[in-house]
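Chain by chain, the residues:
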Amino acid sequence: MKQTLCPAFAVVLTCCCAVHAQAGPPVLHQAGLQKLLRLQASDAVGCTRLLTAENNIGCAAAGTEGVLMRMEHPEKQLHQEAVVLLSAQYLDDFLLQVRTNTTLRLLVKGILVDPSGPVEQASPADKFPQTAFALYNAPGFAWNPSGTGLAMEAFDFPILLLDNVTAPAAAHRAAHNAQQGYSGVLHYAHVEAEMSARGNSSSCINQDTCQPLGGHTIWGAAPPLAPTAASTASQLPIIMLLAPVDSTAFFKSDTVGAESAMGSLIALLAVADILGNNSAAVATYSKRLVLTALMGEPWGFMGSKRLLWEMYNQADTTRGLDVENIQQASLSNSLMRCSSS
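Residues numbered from 1 in each chain as written. Predicted model: local features only at pLDDT ≥ 70, side-chain atom pairs only at ≥ 80, totals over all residues. Heavy atoms only, no water.

> Any details on the confidence of the model for the protein chain? Residues and values, ideally.
Mean pLDDT for the protein chain: 77, with 77% of residues reaching 70 or above. A low-confidence stretch, residues 17-37 (pLDDT under 50), is modelled with 17 contacts involving residues beyond four sequence positions or located in other chains. In the model, residues 334-341 has pLDDT below 50 throughout and makes five contacts with residues more than four positions away in sequence or in other chains. (pLDDT = per-residue confidence, 0-100. Contact = heavy atoms within 4.5 Å.)

> So what's going on with the pairing of strand β16 (residues 288-294)? Which residues, and what values?
Counted residue by residue, β16 has seven buried out of seven residues, so it is predominantly covered. Summarising the sheet, strand β14 (residues 218-222) and β16 pair through five bridges and their orientation is antiparallel. From the neighbouring strand, W219 faces β16, where its bridge partner is T292. Pairing geometry for strand β15 (residues 238-244) and β16, over seven bridges, is parallel. Note on β16: the bridge partner recorded for A243 is A293. (Buried < 20%, exposed > 50% of the residue type's maximum accessible area, 1.4 Å probe, protein only. Helix = DSSP H or I, 4+ residues; strand = E, 2+ residues; numbered from the N terminus. Pairing = 2+ DSSP bridges.)

> Help me get a handle on the packing of aromatic side chains, residues and values and all.
Summed over all chains, the structure comprises five aromatic pairs. Between F128 and W143 the ring centres are 6.5 Å apart and the planes differ by 75 degrees, which places this aromatic pair in the edge-to-face class. Of this pair, F128 sits in the loop between β9 (108-114) and β10 (154-155) while W143 sits in the loop between β9 and β10; the two residues are 15 residues apart in sequence, bridging distant segments of the chain. With 5.7 Å between their ring centres and 45 degrees between their planes, F155 and F157 make a pair best called tilted. As far as the burial class goes, F155 and F157 line up, both buried. Members of the aromatic cluster, joined through ring pairs, are F128, Y136, F141 and W143. (Phe/Tyr/Trp six-rings, centres within 6.5 Å; stacked < 30°, edge-to-face > 60°.)

> Which residues make up the pairing of strand β7 (residues 61-71), and what are the values?
The buried fraction of β7 is high, at eight of 11 residues. Bridge count between β7 and strand β12 (residues 186-194): five bridges; the pairing is antiparallel. Across the sheet, the residue bridging to G66 is A189, located in β12. As paired elements, β7 and strand β8 (residues 82-87) share five bridges and run parallel to each other. Directly across from M69, in β8, lies its bridge partner V84.

> Would you mind going over the sheet that holds strand β17 (residues 326-331) in detail, with residue names and values included?
Reading across the sheet, the four strands line up as β14-β16-β15-β17 and stay open at both edges, with mixed pairing between neighbours. Each of the sheet's edge strands pairs with one partner strand only, and the pair in question is β14 and β17. On average, each strand axis in the sheet is inclined to that of its neighbour by 20 degrees, with strand direction left out of account. Along the sheet face, helix α8 (residues 302-312) touches β14, β15, β16 and β17 and points at about 135 degrees away from the line of β16. (Axes fitted to C-alpha atoms, helices over the stretch in contact; angles between N-to-C directions.)

> Give a detailed account of the nonpolar core, specifying residues and quantitative values.
Across soluble globular proteins, nonpolar side chains have a tendency to be buried as a group. The biggest cluster of nonpolar side chains holds 27 residues, and the ones touching the most others in it are L78, L91, F94, L95, I111, I159 and F250. Here the element with the most residues in this core is helix α2 (residues 91-100); it accounts for four residues. Setting aside residues no more than four positions away along its own chain, I111 makes contact with V84, L86, L91, F94, L95, F157, P158, I159 and L160. (Core = buried A, V, L, I, M, F, W, Y, C linked by side-chain atoms within 4.5 Å.)

What follows is the structure, encoded as structure tokens:
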């Protein structure tokens, strides 16, 4: 899985004015009005484009423009090309309509999300997240009942989350357009969500326009591994405590739960701290605890698959760890649930 390099998000709210020279008092032309009517939000948070070997998901557009239109309800009809402004609570319902309605998809030139209001409780992940990697064939089982699968969709228009300053200004301009009946002098939104990568992950990495997702998985053992893998101590049964380091969300860091993986990592570090302060007792253990912080788990379990591959092939990075000695593996968030129950 690859992510495009340096995506640039920007929202420019402008007014399209038709001003003609005429006798009488001086008239401000478009250039003179620009400072009064132009509002730019270059720090907007956007849905990004991710590329895989087969296709791509997420959002991207070289630059789109349309009349700014507020959607008070996701089922409101759209009759012209527009950049839609809607509350965060309606985003999922509106995108589900866009996914199935080709006409609506062509009319939407971009979506600006107002962060105020109640948070939508639906999940953008699938009902069975990463079902392709499941160890059993039960694709219809809903591990995530509120899942919409929108995180795995590709949208050819930008979707940006506004801040608490830009959102009210956009709402004010959208209200003006509605009062005008969307005719005459209107406010427009120009949205930039430029992504440099094209094609699939293989082509973009060759063109140096994207970078791989994931990172470096970290592990440590208690008791420590012996100097040589052939020693008797290295053959202790292994209990693996695993914690995902990263997570994903529709707007990445600016979404509720985007930092949820940190809870598991904190629990893992707490275990490591306890073991480190009791080294004498740890040396007497009849089983080896392997504490592992995994990178890239939201994208096809990249961290855990790579770790097992290196253990199976006896790579230098996992020297002394034998996959045949793994007796049990537990996620640290599972341990947290057990300890609190």
